[in-house]
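Remarks on the overall topology
Spelled out, the chains give:
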Amino acid sequence: MSASANRPFSREQRTTILYGMLVFVLIVVILQLWLLTATMNAWLGGDDSVVWPAAAVSAGGLALNVGLLKYLGRIERTRNAGA
Amino acid sequence: MTDTRRDPRGPIDVALNSPEREGLTGTAPASLYAPTFEREQITIAPDFAPADAQPAWRQDFPIDWPQDLYVERRDFMKFMVLTSAAFMVGQLWIGVQNWWRRRNGEALMQRVASIDDLAMGGAVVFTYPDEHEPCVLVRLTTSGFVAFGQKCTHLSCAVIPRPGEGGFYCPCHEGRFDLRTGAPTAGPPRRPLTRIVLDIRGRDIYAVGVEERT
């Protein structure tokens, strides 16, 4: 492994990564909001076939968001350890 | 033997900086050992002017602008992940409510009224399948009866039957529903009223089921 692979990201690089993550997180949150309202509408209308699939998709979105947040924490810890 | 290596950071007496004597006091310029700062350790003001050009208050309480920006975005991302978790909890809540609804099973048969109790265009309010679900039974014709849940599908205000106008009226936000089908005809509601399935046995009217609709 080259030395550059272990080099921590600079603050400018981390800011760029953070913006990229925010785009993903915002898209997923908007998707979850739509999913929640659509599921609620269907369920109140008596259609309960979408309840658990929608919950599974929403859980997947949450897992993606938490994973991105954990990755951000990891590159910050790498930075602090390397400083 | 002459040492030809030169330190690019400043003028050093080659003779004194020989391998045997390097590091001795006086062999290097003072700037050689001056602390060097990384870019992230330097405070950058909002106007990007040097620290000496900043007002006194900002020199006393400097805020590193790029770092402040980074921390703000990071906190915003954390808040968005929290929002994402809240939506996930909402989905689970619907799932739990759905499980509860299925567990309770089909609604039981319940006597609502007698045919003789209702005049043409008359209405009677009852609760079905439990005491928390108000419903309204309306007589349309001699043998025609309809019953719907009384909660408006917009924000659950109680709808009022208006047989003369051919509909139900929600006074909260001017919502209107068709009297025969319960379908929304005006105002903010988008879903029809919950239909109560009726069964007429002899002279008595029974509620036998609930039909949610989209």
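Residues numbered from 1 in each chain as written. Chains lettered and ligands numbered in written order. Predicted model: local features only at pLDDT ≥ 70, side-chain atom pairs only at ≥ 80, totals over all residues. Heavy atoms only, no water.

With 36 residues of chain B at the interface, the matching set in chain A holds 41 residues. Buried area between chain B and chain A, summed over both chains or domains, comes out near 3500 Å², and the portion from carbon and sulfur atoms is 64%. Of all residues in chain B, the largest losses of buried area upon contact with chain A belong to Tyr70, Met77 and Gln91 of chain B, amounting jointly to 21% of the total for that side. When the shortest N-O distance is used, the salt bridge between Asp64 of chain B and Arg11 of chain A registers 2.8 Å. Summed over the shared surface of chain B and chain A, the number is 13 residue pairs in polar contact (both at pLDDT 80 or more). (Contact = heavy atoms within 4.5 Å. Buried area = accessible area lost by both parts, 1.4 Å probe. Salt bridge = Lys/Arg side-chain N within 4 Å of Asp/Glu carboxyl O. Polar contact = N/O pair within 3.5 Å; in protein donor to acceptor, adjacent residues only side chain to side chain.)

By size, the foremost hydrophobic cluster in this structure holds 16 residues, and its most contacted members are Val25 and Leu72 of chain A together with Met77 of chain B. Those elements that provide at least two residues to this core are helix 2 (11–44) and helix 3 (51–82) of chain A together with helix 2 (65–104) of chain B. When sequence neighbours within four positions are dropped, the list of residues in contact with Met77 of chain B reads Leu18, Met21, Leu22, Val25, Leu68, Leu69 and Leu72 of chain A. (Core = buried A, V, L, I, M, F, W, Y, C linked by side-chain atoms within 4.5 Å. Buried < 20%, exposed > 50% of the residue type's maximum accessible area, 1.4 Å probe, protein only. Helix = DSSP H or I, 4+ residues; strand = E, 2+ residues; numbered from the N terminus.)

Moving on: the pattern of salt bridges. Using the criterion set out here, one finds 12 salt bridges over all chains in the structure. Members of the salt-bridge network, linked through shared partners, are Arg162, Glu165, Glu174 and Arg176 of chain B.

So, on to the sheet that holds strand 6 (residues 167–170) of chain B. All names here are of chain B. Reading across from one edge, 5-6-7-8 is the order of the 4 strands in this open sheet, with antiparallel pairing throughout. Lying at the two open borders of the sheet, with one neighbouring strand each, are strand 5 (160–162) and strand 8 (184–186). Averaged over all adjacent pairs, the angle separating strand axes in this sheet is 35°, with direction ignored. One ladder, built from 3 bridges, connects strand 5 with strand 6; its direction is antiparallel. (Pairing = 2+ DSSP bridges. Axes fitted to C-alpha atoms, helices over the stretch in contact; angles between N-to-C directions.)

Before going further, it helps to examine the confidence of the model for chain A. If pLDDT is low for a region, its predicted coordinates should not be looked at in detail. The predicted model of chain A averages 88 in pLDDT, with 90% of residues at 70 or higher. Confidence scores differ between elements of chain A, with helix 1 (residues 3–6) of chain A showing the lowest mean pLDDT of 55 and helix 2 of chain A the highest of 94. (pLDDT = per-residue confidence, 0-100.)

All names here are of chain B. The residue Pro161 is located in strand 5 in this model. Between the C-alpha atom of Pro161 and that of Gln150, which follows or precedes it by 11 residues, the distance is 9.1 Å. Once residues within four sequence positions are removed from consideration, Pro161 is found in contact with Ala123, Val136, Val138, Gly167 and Phe168.

The next subject is a nonpolar patch on the surface. Taken together, the side chains of Leu26 of chain A together with Phe76, Phe79 and Leu82 of chain B make up a nonpolar region of the molecular surface, amounting to roughly 390 Å² of accessible area. If one sorts the elements of the nonpolar patch by residue count, helix 2 of chain B sits on top with 3 residues. Mapping Leu26 of chain A onto the fold places it in helix 2. (Patch = residues over 30% accessible without salt bridge, like charges linked within 9 Å, V, L, I, M, F, W, Y side chains within 5 Å. Areas by Shrake-Rupley, 256 points an atom, 1.4 Å probe, with all protein chains shown as cover.)

Looking now at the confidence of the model for chain B. Mean pLDDT over chain B stands at 84; residues scoring 70 or higher make up 82%. Reported for the predicted complex are a pTM of 0.65 and an ipTM of 0.89.

Another point: the state of the cysteines. All names here are of chain B. Within this structure, the stated rule accounts for 1 disulfide over all chains. Here Cys157 connects covalently by a disulfide to Cys172, the sulfurs 2.1 Å from one another. The sign of the -100° torsion about the S-S bond sets the Cys157-Cys172 disulfide as left-handed. Of this pair, Cys157 sits in the loop between strand 4 (145–149) and strand 5 while Cys172 is found in the loop between strand 6 and strand 7 (175–178), placing the two residues 15 residues apart along the sequence. A residue is classified by how much of its surface remains accessible, and Cys157, at 19% relative accessible area, is buried. Just so you know, Cys170 is unpaired, no disulfide at all, and the nearest cysteine sulfur is the one on Cys152, 3.8 Å from it. (Disulfide = S-S within 2.5 Å.)

For the rest of this paragraph, the subject is unusual backbone geometry. Residues and elements named next belong to chain B. Cis geometry is found at the peptide bond from Tyr128 to Pro129, where omega equals 0°. For Pro129, the position within the fold is in the loop between strand 2 (123–127) and strand 3 (134–139). Residues other than glycine seldom take positive phi values, yet Ser156 does so here, at roughly 70°. Looking at the secondary structure, you find Ser156 in the loop between strand 4 and strand 5. Residue Ser156 is classed as partly exposed on the basis of its relative accessible area of 46%. Unusually for a residue other than glycine, Glu174 sits at a positive phi of about 60°. Looking at the element boundaries, Glu174 is found in the loop between strand 6 and strand 7. Using a relative accessible area of 44% as the deciding quantity, one classes Glu174 as partly exposed.

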